Amino acid sequence: HRDLHLSLRRQRQMCIRDRCAIATEWATQEDDLIRPFTMPLMQLSSTALDHMSDYATFDFHVKKLLEFFDADQAVVAHPNGSELREIQLKTLKKVHDWARREFGDQLNLSSDSIFAQPQPEEVKLLMEKRLRSLSPWEMTCTFAAAAAAKSLLIGLALNRNIIDAEEGLKCARVEEDYQIERHGFVEGGHDIDISDCLLYTSDAADEGLGVDLGGRR
């Protein structure tokens, strides 16, 4: 067994509900070979502890998320009446209902063309306020989920437990799954994409790994 020592900044107490899962990630490593890509929980933990508590790093992640908000994957951009549009609206309903409650009816969640409409400035300001209210753990998990899903709205919905990891995967891949049904599944391509997306939506959906660093949770 490996001893796992976690050094905390500012003497803060770390309480991890999933510490057994992190220990398991270490236990599956070889003595002379550490494979970081097989340790997603450890990656999220170390990022939150060692980097996201730094203001400049946190600020960079907020700005990066806002930068891609206008092209959010959860915004349905297909003509009215199309089969894919109806499937997307049905799959994303939980995310859309929550997002309207959170950001108001002025939030753009659909477009009649293939191009998404820019979000209103007041929505962007409210989104920035929400992001800056996150703890370092929540930001780490939200950013990981948003990157995997290509959607800030899906990432936040996972963080708020509006949807679970399986629902997050379906929301993130609704258009790709639609094309797969019609044109076929590519082994060594689609399966890897699905595994990667599910890996990070699952870990990030665990709401900061059950950690309490003296802030929220």
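Look above for the structure.
Residues numbered from 1 in each chain as written. Predicted model: local features only at pLDDT ≥ 70, side-chain atom pairs only at ≥ 80, totals over all residues. Heavy atoms only, no water.

Here we come to helix α7 (residues 136-149). Across its 14 residues, α7 extends 20 Å between first and last C-alpha, which sits within 8% of the 20 Å expected from 1.5 Å per residue. Looking only at α7, the buried set comprises Trp-137, Glu-138, Met-139, Thr-140, Cys-141, Thr-142, Ala-144, Ala-145, Ala-146, Ala-148 and Ala-149. Two residues or fewer past α7, Lys-150 is found with a positive phi of approximately 60 degrees. (Helix = DSSP H or I, 4+ residues; strand = E, 2+ residues; numbered from the N terminus. Expected span 1.5 Å × (residues − 1). Buried < 20%, exposed > 50% of the residue type's maximum accessible area, 1.4 Å probe, protein only.)

The N-to-C vectors of helix α5 (residues 93-103) and helix α8 (residues 152-159) enclose an angle of 90 degrees; their axes lie 10 Å apart at closest approach. When the axes of α5 and α8 are compared, the pair comes out roughly perpendicular. Contact residues: α5 offers Val-95, Trp-98, Ala-99 and Phe-103, while α8 offers Leu-153, Leu-156 and Ala-157. The class makeup of the residues in the contact of α5 with α8 is 7 nonpolar, no polar and no charged. (Axes fitted to C-alpha atoms, helices over the stretch in contact; angles between N-to-C directions. Parallel < 35°, antiparallel > 145°, perpendicular 65-115°, else oblique. Contact = heavy atoms within 4.5 Å. Nonpolar A, V, L, I, M, F, W, Y, C, P; charged D, E, K, R; others polar.)

Throughout the structure, instances matching the rule amount to 1 aromatic pair. Ring geometry for Trp-98 against Phe-103: centres 6.1 Å apart, planes inclined by 85 degrees, an arrangement best described as edge-to-face. Judged on exposure class, the residue Trp-98 and its partner Phe-103 are both buried. (Phe/Tyr/Trp six-rings, centres within 6.5 Å; stacked < 30°, edge-to-face > 60°.)

Pairing of side chains with opposite charge becomes possible as their charged atoms draw close. This model, assessed by the stated rule, comprises 10 salt bridges. Measuring nitrogen to oxygen at the nearest pair gives 2.7 Å for the salt bridge that ties Glu-102 to Arg-130. A residue pair is termed long-range when its members are at least 10 positions apart, and Glu-102 in helix α5 and Arg-130 in helix α6 (residues 121-132) qualify at 28 residues. The class of Glu-102 is buried, set by a relative accessible area of 17%. (Salt bridge = Lys/Arg side-chain N within 4 Å of Asp/Glu carboxyl O.)

So, on to unusual backbone geometry. The phi torsion at Lys-150 lies on the positive side, around 60 degrees, for a residue other than glycine. With respect to the helices and strands, Lys-150 occurs in the loop between α7 and α8. We classify Lys-150 as exposed; its relative accessible area is 56%. The phi torsion at Asn-161 lies on the positive side, around 60 degrees, for a residue other than glycine. Following the sequence through the fold, Asn-161 ends up in the loop between α8 and α9 (165-172).

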